[in-house]
Amino acid sequence: MEDDRKDAVYGTPHKYDPTFKGPIYNRGCTDVICCVLFFLAIVGYVAVGIVAWTHGDPRKVIYPTDSQGQFCGQKGTKNENKPFLFYFNIVKCASPLVLLEFQCPTPQICVKQCPDRYLTFLNAHNSHDFEYYKQFCMPSFQNNKGVAEVLRDGDCPAVIIPSKPLFQRCFPAIHTNRGVLMVGNETTYEDGHGTRKNITELVEGAKRANMVLEARELAMQIFEDYTVSWYWIVIGLVIAMVLSLLFIILLRFLAGIMVWVMIVMVVLVLGYGIFHCYMEYSRLRGQAGSDVSLVDLGFQTDLRVYLHLRQTWMAFMIILSILEVVIILLLIFLRKRILIAIALIKEASRAVGHVMCSMLYPLVTFFLLCLCIAYWASTAVFLSTSNVAVYKIFDDTSCPLSGKTCNPETFPSVNESRQCPNGRCQFAFYGGESTYHRALLGLQIFNVFMFFWLANFVLALGQVTLAGAFASYYWAMHKPDDMPAFPLFSAFSRALRYHTGSLAFGSLILAIVQIIRVVLEYLDQRLKAAQNKFAKFLMVCLKCCFWCLEKFIKFLNRNAYIMIAIYGTNFCTSARNAFFLLMRNIIRVAVLDKVTDFLFLLGKLLIVGSVGILAFFFFTHRIRIVQDTALPLNYYWVPILTVIIGSYMIAHGFFSVYGMCVDTLFLCFLEDLERNDGSAERPYFMSSTLKKLLNKTNKKAAES
């Protein structure tokens, strides 16, 4: 332990407390100010949700609505016999606003049928086609204006194009002829203003407008597949759960074997690599061109050229030899620490066995996360559908009311029309002029921020709860007799009663970093089209720095929560004590981290791989015994991906509990070494296996 304690910069161990026997029960509330801020933020979040639900209407995402907000084809309304939505200028649907506001920035009306012919307003005006054309004009349109005035006022579309109804929307009837996009027999169309445009502009607009609709159709087919195969998916997930439990149980007996087999395999693979490089180096001796140096050859785009040089294989052999020597030296000097890591992993398996209900706790975390996601998603949809069609007064003369909002239905009879005799009430954009509508972007950002904060709080609550339960196992002198009756419930109640503020504090720091990363991603997307290389370089550096910062904060929070669960101190004190404790034992931390990472990776690969392969053979009818059992599906990858993702989540849930157990026992083990000396007054709480590895004994036990 001398090498772990010699550097004073890493702080000093805790003073010995003779009354300390594990997680402290007589504790007080911590970080009260942050707790108050957290509850105020939740109240504000609820208020935002209520306001959004009052103004928004998610039916706009699914059902077609005209520019007046009326649903097409809805019974009891003026649009009852007009089930289809017609876009005046579908090219404008290519705007990115479609994805943000779920509305195309162009006037939309409900019609009885989609247009079946190509007409421009200029050609249809004063012709026998005008009666047909009028059904695609605004309901308030009156044929008492000139062509220029009608197009200027937006009373009628400049052009109508043959269209077909799709999900109650009229989309251009575009087809291909020998690979060429066409509408009717034309590859271009007139926009009604004397300009001919390419069909691809229509395609782009239709794609954006149709994006939500295609997603809905895909969702319906996927839903059908789920209704057919759901019970087989459940069986696959149950198999994944059983395999995860078996793997954790087997770690108690096979952890050492798996780790040492992995180490031996790495050494053997590197040894074979050195042998293969030497054989290639010898084979190329005397061959023409093989003695050319890498410097003389220079950079080549075809990397296979380098494989014909002896110098390449010599470089490979030297690199692999250095790696082999380094690994062997690490094994010689770190052998004891590897044995301690294996012993801690085995001890974690025993701890999980004594607190079996901890394996079910991920379900609580999953349920709370689902609530957070559902509230965030529903609030986001309601906020996005809060926009309404805004009409403004347009006047080519000097009218003082020009630019003011208006109502197109009442505009001819109100005072504004008299003050602006040449004015017209015309569609401007989707949005709103109220304070609420102007604050929508800020509310969306607040919605995302609160989602991060609440999700991180839920994860933190789970970590503190599990840490408290497993710490009560470690600090029990006679395991499991000295453990509390319900360790998991006790730890959960302590976390909520005393440490809500500390959990909110740690979650807040992490949420701030995450929202900054979201903003950086948004700015990066905006800068992709820019040519400023320095700005791009700076953006990459910032993204990398904040990614590293997020990883570090997650690591620090995790260990701080363990110290909170044990000692009941505030967040900053716990984070400082955990950080210095780990720094005093940095080599042990690195070894344990890599060993557990390997075991968890191996477990996830085995569970997800085996269940995924079984699901693939089953749903693709390749298992003869059950060929007639698997029903035909629209997409066979739907249940397969569901089983694979579900298996990974189940394995990750089980291993997250196991990983928290290992980390908790490791910190308790380090605290045990620094607090106690094995005397009758200060006995070690570690297991007999760990005491044997470290040549430690309790004097009282030795005397007896």
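Each value, and the rule that gives it
Residues numbered from 1 in each chain as written. Predicted model: local features only at pLDDT ≥ 70, side-chain atom pairs only at ≥ 80, totals over all residues. Heavy atoms only, no water. UniProt positions renumbered as here; feature names shortened; annotations may be inferred. Helix = DSSP H or I, 4+ residues; strand = E, 2+ residues; numbered from the N terminus. Buried < 20%, exposed > 50% of the residue type's maximum accessible area, 1.4 Å probe, protein only. Contact = heavy atoms within 4.5 Å. Areas by Shrake-Rupley, 256 points an atom, 1.4 Å probe, with all protein chains shown as cover. Salt bridge = Lys/Arg side-chain N within 4 Å of Asp/Glu carboxyl O. Pairing = 2+ DSSP bridges. Disulfide = S-S within 2.5 Å. Phe/Tyr/Trp six-rings, centres within 6.5 Å; stacked < 30°, edge-to-face > 60°. Lys NZ or Arg CZ within 6 Å of the ring centre and 35° of its normal. Polar contact = N/O pair within 3.5 Å; in protein donor to acceptor, adjacent residues only side chain to side chain. Core = buried A, V, L, I, M, F, W, Y, C linked by side-chain atoms within 4.5 Å. Axes fitted to C-alpha atoms, helices over the stretch in contact; angles between N-to-C directions. Parallel < 35°, antiparallel > 145°, perpendicular 65-115°, else oblique. Left-handed = near helix turned anticlockwise from the far one by under 90°. Nonpolar A, V, L, I, M, F, W, Y, C, P; charged D, E, K, R; others polar.

As annotated in an unreviewed UniProt entry, the chain is Choline transporter-like protein from Cricetulus griseus. As its UniProt record puts it under Sequence similarities (unreviewed entry), the chain is described as follows: "Belongs to the CTL (choline transporter-like) family." Among the UniProt annotations of the chain, the heading Subunit (unreviewed entry) holds the following wording: "Interacts with COCH."

Enquirer: Would you mind going over the overall build of the chain with me for this structure?
Expert: Along the backbone of the chain there are 22 helices and 12 strands. Every one of the 704 residues in the chain was classed for burial, and the buried ones make up 44%. By sequence separation, contacts in the chain at least 24 residues apart represent 72% of the contacts at least 6 residues apart. Carbon and sulfur atoms make up 65% of the accessible area of the chain, which amounts to about 37300 Å² in all.

Enquirer: Looking at this model, I keep getting lost on the pattern of salt bridges. Mind explaining?
Expert: Any two side chains of opposite charge can pair if their charged atoms end up close together. Enumeration over the complete set of coordinates arrives at 13 salt bridges. The salt bridge involving Glu347 is made with Arg350; its shortest N-O contact spans 2.9 Å. With a gap of 3 residues between them, Glu347 and Arg350 both fall in helix H10 (residues 310–354), about one helical turn apart. When its relative accessible area of 5% is taken as the criterion, Glu347 is described as buried. Assessed through its relative accessible area of 28%, Arg350 is described here as partly exposed. In this structure, Asp593 engages Lys594 in a salt bridge whose closest nitrogen and oxygen atoms are separated by 4.0 Å. Members of the salt-bridge network, linked through shared partners, are Asp116, Arg117 and Asp129.

Enquirer: Mind showing me how you'd approach the pairing of strand E5 (residues 163–166) here?
Expert: In regular strands, side chains alternate between the two faces of the sheet. Sheet topology places E5 next to strand E6 (residues 169–172); 4 bridges connect them, and they run antiparallel. Bridge pairing in E6 places Pro165 opposite Cys170.

Enquirer: In this structure, what is going on with the state of the cysteines? I would like to understand it.
Expert: Such a bond, covalent and formed between the sulfur atoms of two cysteines, is termed a disulfide. Evaluation of the coordinates by the stated rule reveals 3 disulfides. A sulfur-sulfur distance of 2.0 Å marks the disulfide that ties Cys72 to Cys110. What sets the handedness of the Cys72 and Cys110 disulfide is the S-S torsion sign, and at about -80° it is left-handed. On the criterion of sequence distance, the pair formed by Cys72 in the loop between helix H3 (59–62) and strand E1 (84–87) and Cys110 in strand E2 (residues 108–111) is long-range, its members being 38 residues apart. Cys110 carries the same exposure label as Cys72, and that label is buried. Between Cys114 and Cys170 runs a disulfide, and the two sulfur atoms are separated by 2.0 Å. Here the S-S torsion is close to -85°, and the disulfide linking Cys114 with Cys170 is therefore left-handed. Of this pair, Cys114 sits in the loop between E2 and strand E3 (119–120) while Cys170 sits in strand E6, and the two are 56 residues apart along the sequence. As far as the burial class goes, Cys114 and Cys170 line up, both buried. The thiol of Cys541 is not disulfide-bonded; the next cysteine sulfur, from Cys545, is found 6.4 Å away.

Enquirer: Can you help me understand the packing of aromatic side chains in this one?
Expert: The description of an aromatic ring pair uses the distance of the two centres, along with the angle that the planes make with each other. A full pass over the atoms with the stated rule returns 29 aromatic pairs. Ring centres 5.2 Å apart and planes at 65° place the aromatic pair Trp475 and Phe685 in the edge-to-face group. Pair noted here: Trp475 is in the loop between helix H14 (440–474) and helix H15 (487–498) and Phe685 is in the loop between helix H20 (637–675) and helix H21 (688–693), with a separation of 210 residues, a long-range link. Residue Trp475 shares its accessibility class with Phe685, and that shared class is buried. Summarising the aromatic geometry, the rings of Phe600 and Tyr658 are spaced 5.8 Å apart at their centres and angled 80° between planes, so their arrangement reads as edge-to-face. Linking Phe600 in helix H19 (residues 586–619) with Tyr658 in helix H20, this pair joins segments that are 58 residues apart in sequence. Note that Arg117 overlies the ring of Tyr132, its terminal NZ or CZ placed 3.7 Å from the centroid. A cation over an aromatic ring shows up here: Arg310 above the ring of Tyr281, its NZ or CZ 4.0 Å from the ring centre.

Enquirer: Please clarify how the side chain of Thr596 should be interpreted in this entry.
Expert: Checked against the element boundaries, Thr596 lands in helix H19. Within the local environment of Thr596, its side chain forms a polar contact with the backbone oxygen of Leu592, the two atoms lying 2.8 Å apart. Separated by 3.0 Å, the side chain of Thr596 and the backbone oxygen of Asp593 make a polar contact.

Enquirer: Any chance you could explain the nonpolar core here in plain terms?
Expert: For soluble globular proteins, the rule of thumb is that nonpolar side chains tend to be buried together. Ranked by size, the top nonpolar core spans 104 residues in total, and within it Trp453, Tyr658 and Phe669 carry the most contacts. Here the element with the most residues in this core is H14; it accounts for 18 residues. Other than its neighbours up to four places away in sequence, Phe669 contacts Ile340, Leu344, Tyr474, Met686, Leu690 and Leu694.

Enquirer: Just checking my understanding: could you explain the packing of H14 against H20 for this structure?
Expert: Geometrically, a packed helix pair is captured by the angle between its two axes and the distance between the axes. One way to put it is that H14 packs onto H20 with a least axis distance of 9 Å and a crossing angle of 50°. On the basis of their axis angle, the class for H14 and H20 is oblique. As for the relative orientation of H14 and H20, their crossing is right-handed in sense. Contacts from Gln463, Leu466, Ala467, Phe470, Ala471, Tyr473 and Tyr474 in H14 reach Val657, Met660, Cys661, Thr664, Leu665, Cys668, Phe669 and Asp672 in H20. Classifying every residue of the contact of H14 with H20 gives 12 nonpolar, 2 polar and 1 charged.

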